[in-house]
Amino acid sequence: MKIKHELELADVKKIAAAAEAEALKNQWAVTIAIVDDGGHLLWLQRLDGAAAVSSHIAPAKAHTAALGRRESKVYEDIVNGGRTAFLSAPAIDGLLEGGVPIMKDGQCLGAVGVSGVKSSEDAQIARAGIAALGL
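Scoring rules and cut-offs
Residues numbered from 1 in each chain as written. Predicted model: local features only at pLDDT ≥ 70, side-chain atom pairs only at ≥ 80, totals over all residues. Heavy atoms only, no water. Core = buried A, V, L, I, M, F, W, Y, C linked by side-chain atoms within 4.5 Å. Buried < 20%, exposed > 50% of the residue type's maximum accessible area, 1.4 Å probe, protein only. Helix = DSSP H or I, 4+ residues; strand = E, 2+ residues; numbered from the N terminus. Contact = heavy atoms within 4.5 Å. Salt bridge = Lys/Arg side-chain N within 4 Å of Asp/Glu carboxyl O.

Visitor: How should the nonpolar core be read in this particular structure?
Guide: If you look at the biggest cluster of nonpolar residues, it comprises 21 residues, and the most contacted ones within it are Leu7, Val30, Ile102 and Val112. Sorting the residues of this core by element identifies helix H1 (9–25), strand S1 (31–36), strand S3 (99–104), strand S4 (107–115) and helix H4 (119–131) as the ones contributing at least two each. Core analysis: the second largest hydrophobic core is formed by 7 residues, Ala33, Ala62, Ala65 and Ala66 among them.

The following block contains the structure:
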């Protein structure tokens, strides 16, 4: 049997605080979602001024990144590259940049999804959150 790492509440809070700090530092109104390795929501935080729809988009980006074990931008690039049939892939609907997996020793622990500003800025916030774990 293998040992499986998993996120604990303290980890989730650390990620959320660092992601929030990055967003506030840049005055970005976003929603931050954190999921486990199965894409199940562990944390959802909508900052003041964030659009209501971002509370749906951020968890979808995180879910996609966790299930795929790669950044959601990979899927956006596939679709933008012309492979529109990928839009029918089951169980993934956050096909926009801004979902980043949390990886440790080659294992996916979960993911962070952010929505509310430019997609590259969403990803920047997600990465800042993950960096707080020191992985």
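Visitor: What am I meant to see in the environment of Ala23 here?
Guide: Relative to the elements of secondary structure, Ala23 occurs in helix H1. Each C-alpha atom of the pair Ala23 and Glu121 lies 8.8 Å from the other, and the pair is 98 residues apart in sequence. When sequence neighbours within four positions are dropped, the list of residues in contact with Ala23 reads Trp28, Val30, Leu47 and Ile125.

Visitor: Where do I start with the pattern of salt bridges in this structure?
Guide: Pairing between side chains of opposite charge can happen when the charged atoms of each approach one another. This structure, assessed with the given rule, holds 6 salt bridges. With its nearest N and O atoms 3.2 Å apart, the salt bridge here joins Glu22 to Lys25. Here Lys25 and Glu22 lie together in helix H1, a separation of 3 residues that amounts to about one turn. Between Glu71 and Arg127 there is a salt bridge, with the nearest N and O atoms lying 2.9 Å from each other. Of the two residues, Glu71 sits in the loop between helix H2 (54–68) and helix H3 (73–80) while Arg127 sits in helix H4, which places them 56 residues apart along the sequence. Using a relative accessible area of 39% as the deciding quantity, one classes Arg127 as partly exposed.

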